[in-house]
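Now for the letters of each chain:
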Amino acid sequence: MDLFETFFNLEVLARSFPMLLKGLWLTLQLGAASILAGLVLGLALCMMRLYSARPVQILTRIYIDVFRSIPLLVLLIIVYYALPFVGVRLSPFASAMTALTMVSGAYTAEIFRSGIEAIPKGQFEAAAALGLGHRQTMIDVILPQSIRMVIPPLTNNSINVVKDTALASVVAMPDLLKQATQAQALAANPSPLIGAAAIYLAFLLPLVLLVSRLERRLSRGRV
Amino acid sequence: MSGYISIRNLQKFYGHYHALRGIDLEIARGEVVCVVGPSGSGKSTLIRCINRLEDFSNDSAIHVDGVPVLPGSTLAKVRAEVGMVFQSFNLFPHLTVRENIMLAPRRVRGTTKAAAAAQADQLLARVGLETQADKYPSGLSGGQQQRVAIARALAMEPQVLLFDEPTSALDPEMVGEVLDVMRDLAQTGVTMVVVTHEMGFARQVADRVIFMDGGEVIEAAPPAEFFSAPRETRTRNFLHAVLDH
Ligand SMILES: Nc1ncnc2c1ncn2[C@@H]1O[C@H](COP(=O)(O)OP(=O)(O)OP(=O)(O)O)[C@@H](O)[C@H]1O
Ligand SMILES: [Mg+2]
């Protein structure tokens, strides 16, 4: 089969496999770092959005809306190509992580907010009536309940972050996609691209299925 | 005379709606006060002001044991002394029964884990639920949940207990078990303010019954007097309506 030889050339795949693995490792590092930083940023933004002084709330809201609207590729190119004009020169990895984190943080903040706002008012009141302060109420009463609800949307967001790491190849970061395109150029055969796609799928498809399961379980009943 | 709980000129607005129209009320230490009145008369609003779950205007003043109930650092102190039991229980669903009771002593009073657990088990025995400590609230009946909520409030060893219709969300067959616990509590010398529709409980347990209507206290009297010889027409009409159906 000609087609099979072209797209699933096992010899080319085997030869490019080490390159793909190296790219995969970088992709996973970038994804994990951005997801974690995005979680921290998102929680902080959410608290500012809900519980800070009015002007800070408004600024936070603007941040969240702006970074949910801006195309990630545009942001990435600004960070990598425009910031050097004001003296900020970030490596490809740092640029990609910055852009991914800023956007992921904005989405995460909204996810946390919906999780907190879904908690009945009575929970806040019971905690307040017992003398718990705001911090303790959040840590011991509200967030543990919110987390359950936000796990599916947070996982969804994490999937998006990992998918979006592929954009980093635009700023010459040797991630999975970049390695695959280079391997393709070297071998003059597109099989490495198919290999990369298969690797993305191998990681993300199970997560997608997991989210569906979690969502079904949550909608069926609590806990 | 200034009471243990002292409420002076309590005014409460929800937007433009004047929900409490200048309440003056002195409650003595150890007194059991039942608050009755038609729906929307401001009963919940009144007791929620006592621990400042509701804000109230600055020309109003509430003191508990001499401490003004103001936002800020003293509020935590007041709230630690004033327990509250809600109509809808508001137990923490992600914590076991024992953990529900342990949380506030540990976080607010800094009680050790072991001491808080021992205290929780004691309190559970007191409300007749010693066998339920490791269950989650969702596994309990409404009456059991409300008794846990009472134990949870008691864990802070409050001087004052506020109840907002503690039996209104319960199936009729479970009302008794909660009222029994409250009846026992009334003997312990804790100050109680109970919003309730249970006229039998008010008659037997209260030292004083307060009738509210339209955001005002219309009448306050010991139960014998309140139920047999109400002075105000509005009180009489209310009692007719609730006792005759
Ligand atoms: N959060 C709120 N916002 C606006 N109005 C409110 C709010 N809470 C209460 N009210 C109004 O204030 C008035 C007093 O309410 P409150 O809940 O204190 O009455 P209640 O005597 O406890 O009634 P019920 O027996 O139905 O519980 C009512 O007219 C109610 O509609
Ligand atoms: Mg009420």
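Quick caveat: nothing in here was measured; it's all calculated off a predicted structure. (Residues numbered from 1 in each chain as written. Chains lettered and ligands numbered in written order. Predicted model: local features only at pLDDT ≥ 70, side-chain atom pairs only at ≥ 80, totals over all residues. Heavy atoms only, no water.)

Novice: Outline the overall build of chain A, listing residues and values.
Specialist: From N to C terminus, chain A includes 9 helices and 0 strands. Taken from the N to the C terminus, the helices and strands of chain A come in the order α-α-α-α-α-α-α-α-α. Overall, the C-alpha framework of chain A stretches about 70 × 50 × 25 Å when taken along its three principal axes. Taken over 223 residues, chain A has a buried fraction of 42%. Here the contacts in chain A between residues at least 6 apart in sequence split such that 77% fall between residues at least 24 apart. In the structure as shown, chain A presents an accessible area of about 11700 Å², 70% of it carried by carbon and sulfur atoms. Computed over 18 positive and 11 negative side-chain charges, the inter-centroid distance for chain A is 8 Å. (Helix = DSSP H or I, 4+ residues; strand = E, 2+ residues; numbered from the N terminus. Buried < 20%, exposed > 50% of the residue type's maximum accessible area, 1.4 Å probe, protein only. Contact = heavy atoms within 4.5 Å. Areas by Shrake-Rupley, 256 points an atom, 1.4 Å probe, with all protein chains shown as cover. Lys, Arg positive; Asp, Glu negative; His and termini not counted. Charge placed at Lys NZ, Arg CZ, Asp CG, Glu CD.)

Novice: Go over the sheet that holds strand 3 (residues 32-36) of chain B with me, naming the residues and quoting the values.
Specialist: Residue and element names in this part refer to chain B. Ordered in space as 6-7-8-3-9-10, the 6 strands form an open sheet in which the pairing is mixed. Each edge of the open sheet is held by one strand with a lone partner, namely strand 6 (82-85) and strand 10 (216-221). The average undirected angle you get between the axes of adjacent strands in this sheet is 20°. Here strand 7 (residues 160-164) runs beside strand 8 (residues 191-195); their pairing, made up of 5 bridges, is parallel. From the neighbouring strand, Leu 162 faces strand 8, where its bridge partner is Val 193. Docked against the sheet, helix 6 (residues 172-186) engages strand 3, strand 7 and strand 8, running at close to 150° with respect to strand 8. (Pairing = 2+ DSSP bridges. Axes fitted to C-alpha atoms, helices over the stretch in contact; angles between N-to-C directions.)

Novice: Let's hear about a nonpolar patch on the surface: which residues, and what values?
Specialist: All names here are of chain A. On the surface, a nonpolar cluster with roughly 400 Å² of combined accessible area is contributed by Leu 3, Phe 4, Phe 7 and Phe 8. Among the structural elements, Leu 3 can be located in helix 1 (residues 2-7). Exposure remark for Leu 3: the relative accessible area of 55% places this residue in the exposed category. (Patch = residues over 30% accessible without salt bridge, like charges linked within 9 Å, V, L, I, M, F, W, Y side chains within 5 Å. Salt bridge = Lys/Arg side-chain N within 4 Å of Asp/Glu carboxyl O.)

Novice: Describe the pattern of salt bridges, naming the residues involved and giving the relevant values.
Specialist: In the structure shown here, the tally under the stated rule is 20 salt bridges over all chains. For Glu 125 of chain A, the salt bridge identified is with Lys 121 of chain A, shortest N-O distance 3.6 Å. Of the two residues, Glu 125 of chain A and Lys 121 of chain A are both situated in helix 6 (residues 121-129); the distance of 4 residues between them amounts to about one turn of the helix. Taking the relative accessible area as the measure of exposure, Lys 121 of chain A reaches 61% and is therefore exposed. Look at the salt bridges and you will find they share partners, linking Lys 121 and Glu 125 of chain A together with Lys 12, Arg 48 and Glu 54 of chain B into a network.

Novice: I'd like a description of the packing of helix 2 (residues 10-51) of chain A against helix 8 (residues 176-187) of chain A, backed by residues and values.
Specialist: Residues and elements named next belong to chain A. Interhelical geometry of helix 2 versus helix 8 gives an angle of 160° and a closest axis separation of 7 Å. On the basis of their axis angle, the class for helix 2 and helix 8 is roughly antiparallel. Along this stretch, helix 2 crosses helix 8, giving a crossing that reads as right-handed. On helix 8, the residues touching Val 12, Arg 15, Ser 16, Met 19, Leu 20, Lys 22, Gly 23, Leu 24 and Thr 27 of helix 2 are Leu 176, Gln 179, Ala 180, Gln 182, Ala 183, Leu 186 and Ala 187. (Parallel < 35°, antiparallel > 145°, perpendicular 65-115°, else oblique. Left-handed = near helix turned anticlockwise from the far one by under 90°.)

Novice: So what about the side chain of Gln 57 of chain A? Which residues, and what values?
Specialist: Structurally, Gln 57 of chain A is set in helix 3 (residues 54-69). Contact partners of Gln 57 of chain A, with chain neighbours within four places excluded, come to Met 48, Arg 49, Leu 50, Tyr 51 and Ser 52 of chain A.

Novice: Describe in detail the sheet that holds strand 5 (residues 67-68) of chain B, supporting the description with residues and values.
Specialist: Residues and elements named next belong to chain B. In space, the 4 strands of this open sheet follow the order 2-1-4-5, with antiparallel pairing throughout. Two strands lie at the open edges of the sheet, namely strand 2 (17-27) and strand 5, each paired on one side alone. Where strand 4 (residues 61-64) lies against strand 5, 2 bridges are found, and the strand directions are antiparallel. When the sheet's bridge partners are listed, His 63 is paired in strand 5 with Pro 68. Each of strand 1 (5-14), strand 2 and strand 4 touches helix 1 (residues 43-50); the most contacted strand, strand 1, lies at about 120° to it.

Novice: Give a description of the site of ligand 1 that names residues and reports values.
Specialist: Residue and element names in this part refer to chain B. Around ligand 1, the surrounding shell holds 13 residues, and the nearest of these are Ser 39, Gly 40, Lys 43, Ser 44 and Thr 45. Ser 39 places a polar side-chain atom, nitrogen or oxygen, 2.6 Å from an oxygen atom of ligand 1. Within the side chain of Lys 43, an N or O atom sits 2.8 Å from an oxygen atom of ligand 1. Protein contacts shield 60% of the accessible area of ligand 1, which totals 630 Å² for the unbound molecule. (Near = heavy atom within 4 Å. Polar contact = N/O pair within 3.5 Å; in protein donor to acceptor, adjacent residues only side chain to side chain.)

Novice: Describe helix 4 (residues 113-126) of chain B, listing the residues and the values that go with them.
Specialist: Residues and elements named next belong to chain B. Between its first and last C-alpha atoms helix 4 spans 20 Å; for 14 residues at 1.5 Å apiece the expected length is 20 Å, and the two agree. Regarding helix 4, the residues found buried are Ala 116, Ala 117, Gln 119, Ala 120, Leu 123 and Leu 124. All buried residues of helix 4 lie within an arc of 165° about the axis, which places them on one face of the element. Helix 4 presents Ala 114 and Gln 122 as exposed residues on the side facing more than 90 degrees away from its buried surface. (Expected span 1.5 Å × (residues − 1). Arc of directions from axis to C-beta.)

Novice: Pulling in residues and values, what's your account of the packing of aromatic side chains?
Specialist: Evaluation of the coordinates by the stated rule reveals 5 aromatic pairs over all chains. Note on Tyr 80 of chain A and Tyr 81 of chain A: the rings are 4.9 Å apart at their centroids and 90° apart in plane angle, and the pair reads as edge-to-face. Exposure remark for Tyr 80 of chain A: the relative accessible area of 22% places this residue in the partly exposed category. With 5.2 Å between their ring centres and 80° between their planes, Phe 226 of chain B and Phe 227 of chain B make a pair best called edge-to-face. Phe 227 of chain B carries the same exposure label as Phe 226 of chain B, and that label is buried. (Phe/Tyr/Trp six-rings, centres within 6.5 Å; stacked < 30°, edge-to-face > 60°.)

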